[in-house]
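Structural description and commentary
The lines below spell out each chain.
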Amino acid sequence: MAISEFTGYLESRKNITGSACGLLGLVLTFTGVAGPYWPVVVAGLYGAGALIAPPERPPLPDFPDPSAQLEALRDDFEKLGGYLSDVELPPAASGRLTELTELLSALLDPGWVSEVLAQDPEGIHTLSRSIRHDIPEAVDTFVRTRWWSRMTPGTEPPERHLERQLTLLHEEAERLAQSLRETEARRQETHTRYLEERSG
């Protein structure tokens, strides 16, 4: 630990600035300006340089790049698929869930869609929220509420809430897909204009 701290100081701005000022002190010594007090001049200039040096910048946090985030999201989507395969849902809700998971699978499938998605942090956040929170929460709440609704007949069936939730999530995923399509269309139009301007 002490060795790494020492080497870290050697590479620090304080040491580099102090060393530069210390070299100035040596130049003053060789030109005869410092006289017999040259060690004090060199040490003083080194210390002054170390004091006036700008502070060290803390290193930037090492966040995963978008492709790594997408890969982690694909893994979590697989886990979600395993969970959903063990849950028994009513036919209407099951159909909505199938439509939703097929759309999410298409968005996460490696290819040009993923490349466009990787440049859209908000889109990644939307997918992450759906896969890691919204879908499991909707299904789990339905499973727990269904048991209670059997004991209290006459209440609104929990599958209606589940169907509505899955419909809303599907609409959100469709809006994301539409946004990605528009991004690609704008990119294509921009490239066309660039080529037209270049050739004109």
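Above this text is the structure in question.
A brief look at the structure comes next. (Residues numbered from 1 in each chain as written. Predicted model: local features only at pLDDT ≥ 70, side-chain atom pairs only at ≥ 80, totals over all residues. Heavy atoms only, no water.)

Quick word on helix α3 (residues 38–52)
Under the convention used in this document: Helix numbers and strand numbers start at the N terminus; a helix is a DSSP run of H or I with at least 4 residues, a strand a run of E with at least 2. Helix span, expected: 1.5 Å multiplied by one less than the number of residues in the helix. Relative accessibility thresholds used throughout: buried, under 20% of the residue-type maximum; exposed, over 50%; partly exposed, between the two (1.4 Å probe, protein chains only). The directions considered for the arc run from the helix axis to the C-beta atoms. Throughout, a residue-residue contact means that at least one pair of heavy atoms, one from each residue, lies within 4.5 Å.
The terminal C-alpha atoms of α3, which comprises 15 residues, lie 21 Å apart, in line with the 21 Å expected from a rise of 1.5 Å per residue. For α3, the set of buried residues is Val42, Gly49 and Ala50. Here the buried residues of α3 occupy an arc of 100° about the axis, which is enough to place them on one side. In α3, the exposed positions angled more than 90 degrees off the buried face are occupied by Val40, Leu51 and Ile52. Taken together, the buried residues of α3 touch α2 (13–30).

Topic: the side chain of Ser130
Along the polypeptide, Ser130 turns up in helix α7 (residues 121–151). Here Ser130 falls in the buried class, since its relative accessible area comes to 5%. Aside from chain neighbours lying at most four places away, what touches Ser130 is Ile135, Pro136, Leu169 and Glu172.

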